[in-house]
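# Coordinate analysis (summary)
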Amino acid sequence: MARATLNLGILAHVDAGKTTLTERLLYAAGVIDEVGSVDDGTTQTDSLALERRRGITIKSAVASFTIGGVAVNLIDTPGHPDFIAEVERALSALDGAVLVVSAVEGVQPQTRILMRALQRLRVPAVMFVNKIDRRGAGYDRLLRDISERLAPAIVAMGRVRELGTRSACFVPYGGADAGFAARLAEVLAEQSEPIMAAYVSGEPPIGYPRLRRELAVQTGLGNAYPVFFGSARTGAGVDALMSGIAELLPAAGADPGGPASGQVFKIERGPAGEKIAYVRVFSGRVRTRDRVRFGQDRIRKVTAVSVFDGGPAARRDSLSAGQIGKLWGLAEIRVGDVIGAPQARAERHRFAPPTLETVVIPRRPEQAGALAAALAQLAEQDPLINVRQDDVRREISVSLYGEVQKDVIGATLADEFGLEVSFRQTTTICIERPVGTGAAVERLREAPNPFLATIGLRVEPAAAGSGVEFRIEVELGSMPLAFFRATEDTVRETLRQGIRGWEIPDCTVAMTHSGYLGKHSLGHQRFSKSLSSTGEDYRKLTPLVLMSALRQAGTAVCEPIHRFRLDAPADTLGPLLAGLTRLRAVPRTQVTRGTSVTLDGDIPAALVHQLRQELPALTRGEGVLECVFDRYVPVTGAIPTRPRTDDNPLNREEYLQRVTRRASLPC
Ligand SMILES: Nc1nc2c(ncn2[C@@H]2O[C@H](COP(=O)(O)OP(=O)(O)OP(=O)(O)O)[C@@H](O)[C@H]2O)c(=O)[nH]1
Ligand SMILES: [Mg+2]
């Protein structure tokens, strides 16, 4: 019988100690004989040369071991906000998580973002408060911080001795600790009616084994969070965490029958450049030589399978429900693709999209083609870099979360593809939002419409984050379905560049008029392509109609705003506030504690990097800044525009010339 599997993510703010903890868990499980170190570049999961050089995790990595008969597949994720997309992809593969918090720094902005994502996806988690060996480590302060800022239903699983010293150790609570049993009963009573009833009656007291079982149930449901303490550096508390993982987190709830269904959470290239897809299977089984469906209806044969099953990935004939493994042979596959039957967990974009972009310039102009191909390969692993080629200006641009990601792309292009590149200065990615309603119609055989199609569209604003909704307000039978589909696809495509060239992520587009010319409407005549509508007519006419409706609606260009938290010495407040105002930052709250001050507020994403650079001078090198994307707000002052990379449907004459010239070129 296949053993149970637990796919476990290690998540935290940057530098909290995820990779060091992963190393410790592998050591405790007997997978490695020596504990590697991030600082020496010798860990199992930071295996890329670039990760070892920089001492940070850039890509998620899988390591596998066995505890108590359960195969645990650990996914060590990056904590740096520039690589949040990697975490997003890993989330789809998880059954549970360890959320790591530093005992010195406490709950940090990224910790809260990750916790919210875990709660939204109902991924159960245990918490590990790491670095108890460091001076300044807290215990009560940490528990307060976690319950106030992450989740109220937490249970400390033990106490710490010699906190803040090299010999700090974790002592797990047991049934004999009356305070622990009472705390368990109190937290669990909030979540479970039978426990509440027993708790209120008080007689007889609820038995400790029952409380422990109930803790596993409520943790598995994501209703309660056990909190362990320890040090990944010294190994303190790691054994207790390990038993906690096995006892409290549920193994994969997998459906071994049913159609094969899985999701790709990582793409890698093998030594010969072959593509390897890391897949979590949710139901059924994927076998070698199976022909599987993925992406937009591609079907490819799986040429090899390897499975993580308590040790390094090993060649097998098949990958079953609940497991994580690698698949070969799926040439066009991209990260995030669903394999086989669609499943409910394939939800995307749980975190904010990148808000910055830059142009990548090859040092040698003749390498432009090679650069485009290399970036296309990087986009298979990280589609959010959203590689865009502007044929008019002959430039390639990519989207970014931050400057570190830019350095990493530069270093990867140099190391893996031998391409020296430079980047243009990073700029902000704005969006456009319709501000009113606009409508337009172009009718078949009515000048100046040169296409054999009737299309009417109405554009309306929609709530932030709601996406693009396409509504059909005409009879579905009024036209072949393929023409509706061509119109909808083109609407979505066209909305990537609004009136000022920025994407319109949220709006409602209603199709108000439709019409076509087909062989049936030509009576006895024979089918003739030149006299019948084709999908092409809808694809070419839609941008013209949509842009004219949008122009009537009007759009507001909105820029991304980050929320910041800044800690600095209180006596630097004067120059700091002046500096923040210069950078268009708006402090909202200010709290002074002893000699330090904490400011919370908003700052345009465009100026975050500059603030980071100026901060040391403004705060004598002591300022600590945390920023996370918050929302988009309309730009005041000069409205930024982005050069178009399409056929420019805003200019009718130019557009018609371009699309008709292309149509008449031989294929
Ligand atoms: N004193 C002490 N240092 C630790 C502990 N755990 C990790 N560190 C140190 O903290 C730094 C960051 O550790 P990592 O394991 O790379 O942290 P991470 O969370 O994987 O970092 P990213 O993947 O880049 O987000 C390294 O210098 C570690 O040696 C700990 O328990 N105690
Ligand atoms: Mg790491």
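Scroll up to find the structure this text is about.
Our subject in this report is the structure included herewith.

Right, let's talk about the coordination of the magnesium ion (ligand 2) for a bit. Distances from the magnesium ion (ligand 2) to its protein donors, namely Thr-19 (OG1) and Thr-57 (OG1), fall within the range 2.0 Å. Linking Thr-19 in helix H1 (residues 18–28) with Thr-57 in the loop between helix H2 (49–54) and strand E2 (61–67), this pair joins segments that are 38 residues apart in sequence. Comparing Thr-19 with Thr-57 shows no difference in burial state: the two are buried.

Applying the stated rule across the entire model yields two cavities of 30 Å³ or more. The space that makes up the second largest cavity amounts to roughly 30 Å³. Around the second largest cavity sit Lys-59, Glu-86, Arg-89, Phe-265, Lys-266, Ile-267, Val-335 and Gln-381, which together line it. Secondary structure elements with two or more residues in the lining of the second largest cavity: helix H3 (84–91) and strand E10 (261–269). Counting residues per element, the lining of the second largest cavity draws most heavily on E10, which supplies three residues. Grouping the amino acids of the lining of the second largest cavity by side-chain chemistry returns three nonpolar, one polar and four charged.

Further remarks concern the packing of helix H12 (residues 481–494) against helix H13 (residues 535–553). Close contact between H12 and H13 brings their axes to 8 Å; oriented N to C, the two are set at 45°. Put simply, H12 runs oblique to H13. In this structure, the crossing between H12 and H13 has a hand that is right-handed. Contacts between H12 and H13 involve Phe-483, Ala-486, Thr-487, Thr-490, Val-491 and Thr-494 from the first element and Gly-535, Tyr-538, Arg-539, Thr-542, Pro-543, Leu-546 and Met-547 from the second. Looking at the contact of H12 with H13 residue by residue, the class counts come to seven nonpolar, five polar and one charged.

What follows covers H1. In terms of burial, H1 is largely enclosed, as eight of its 11 residues are buried. Considered for burial, the residues of H1 that qualify are Lys-18, Thr-19, Leu-21, Thr-22, Glu-23, Arg-24, Leu-25 and Leu-26. Here the buried face of H1 lies against strand E1 (5–12), E2, strand E3 (70–76), strand E4 (96–102), strand E5 (125–130) and helix H9 (238–248). Residue Gly-30 follows H1 closely and has a positive phi angle near 85°.

Moving on, we come to the sheet that holds strand E29 (residues 507–515). Here we have four strands laid out as an open sheet, ordered E26-E27-E29-E28, and mixed in their pairing. Among the strands making up the open sheet, the edge pair consists of strand E26 (438–442) and strand E28 (468–472). If you compare each strand with its neighbour and ignore which way they point, the axes differ by 15° on average. One ladder, built from eight bridges, connects strand E27 (residues 454–461) with E29; its direction is antiparallel. What sits directly across from Pro-461, in E29, is Cys-507. Those strands touched by H13 are E26, E27 and E29, and its axis lies near 40° from that of E27.

Another point: helix H5 (residues 140–149). Residues Leu-142, Leu-143, Asp-145 and Ile-146 constitute the buried set of H5. Down the axis of H5, the buried side of the element spans an arc of 165°, and every buried residue falls inside it. Away from its buried face by more than 90 degrees, H5 exposes Asp-140 and Glu-148. Turning to H5, the residues buried within the fold contact E4, E5, strand E6 (154–156) and strand E9 (225–229).

Below, the discussion takes up the pattern of salt bridges. Using the criterion set out here, one finds 43 salt bridges in the structure. Arg-433 serves as the salt-bridge partner of Asp-506, at 2.9 Å between the closest nitrogen and oxygen. Residue Asp-506 is found in the loop between H12 and E29, and its partner Arg-433 is found in strand E25 (residues 431–434); the two are separated by 73 residues along the sequence. Each member of the pair Asp-506 and Arg-433 is classed as buried. The network of salt bridges with common partners includes Arg-563, Arg-588, Asp-602, Asp-630 and Arg-631.

In this fold, Arg-642 is placed in the loop between strand E33 (624–634) and helix H16 (652–664). Taking the relative accessible area as the measure of exposure, Arg-642 reaches 17% and is therefore buried. With 76 residues separating them along the chain, Arg-642 and Leu-566 place their C-alpha atoms 32 Å apart. Other than its neighbours up to four places away in sequence, Arg-642 contacts Glu-357, Arg-388, Ile-429, Arg-500, Gly-501 and Trp-502. A distance of 2.7 Å separates the side chain of Arg-642 from the side chain of Glu-357, its partner in a polar contact.

Considering all chains together, one arrives at zero disulfides under this definition. Free of any disulfide, Cys-430 has its nearest neighbouring cysteine sulfur in Cys-558, separated by 8.1 Å. Cys-507 takes part in no disulfide bond, and the closest cysteine sulfur to it belongs to Cys-558, at a distance of 13 Å.

Our focus in this paragraph is the packing of aromatic side chains. Under the criterion given, the structure shown has nine aromatic pairs. Grouping aromatic residues by their ring pairs yields a cluster made of Tyr-173, Phe-180 and Tyr-208. One residue, Lys-266, lies across the ring of Tyr-278, its end atom 5.4 Å from the ring centre. The aromatic ring of Trp-328 is capped on one face by Arg-315, whose charged end is 4.5 Å from the ring centroid.

Procedures and definitions
- Residues numbered from 1 in each chain as written.
- Chains lettered and ligands numbered in written order.
- Predicted model: local features only at pLDDT ≥ 70, side-chain atom pairs only at ≥ 80, totals over all residues.
- Heavy atoms only, no water.
- Donors = N, O, S within 2.8 Å, 3.2 Å for Na, K, Ca; no water.
- Helix = DSSP H or I, 4+ residues; strand = E, 2+ residues; numbered from the N terminus.
- Buried < 20%, exposed > 50% of the residue type's maximum accessible area, 1.4 Å probe, protein only.
- 1 Å grid on protein atoms, 1.4 Å probe; cavity = no way out; pocket = protein on both sides within 12 Å on 5 of 7 lines; lining within 4 Å.
- Points joined across faces, edges and corners; volume = space filled by probe spheres on them.
- Nonpolar A, V, L, I, M, F, W, Y, C, P; charged D, E, K, R; others polar.
- Axes fitted to C-alpha atoms, helices over the stretch in contact; angles between N-to-C directions.
- Parallel < 35°, antiparallel > 145°, perpendicular 65-115°, else oblique.
- Left-handed = near helix turned anticlockwise from the far one by under 90°.
- Contact = heavy atoms within 4.5 Å.
- Pairing = 2+ DSSP bridges.
- Arc of directions from axis to C-beta.
- Salt bridge = Lys/Arg side-chain N within 4 Å of Asp/Glu carboxyl O.
- Polar contact = N/O pair within 3.5 Å; in protein donor to acceptor, adjacent residues only side chain to side chain.
- Disulfide = S-S within 2.5 Å.
- Phe/Tyr/Trp six-rings, centres within 6.5 Å; stacked < 30°, edge-to-face > 60°.
- Lys NZ or Arg CZ within 6 Å of the ring centre and 35° of its normal.

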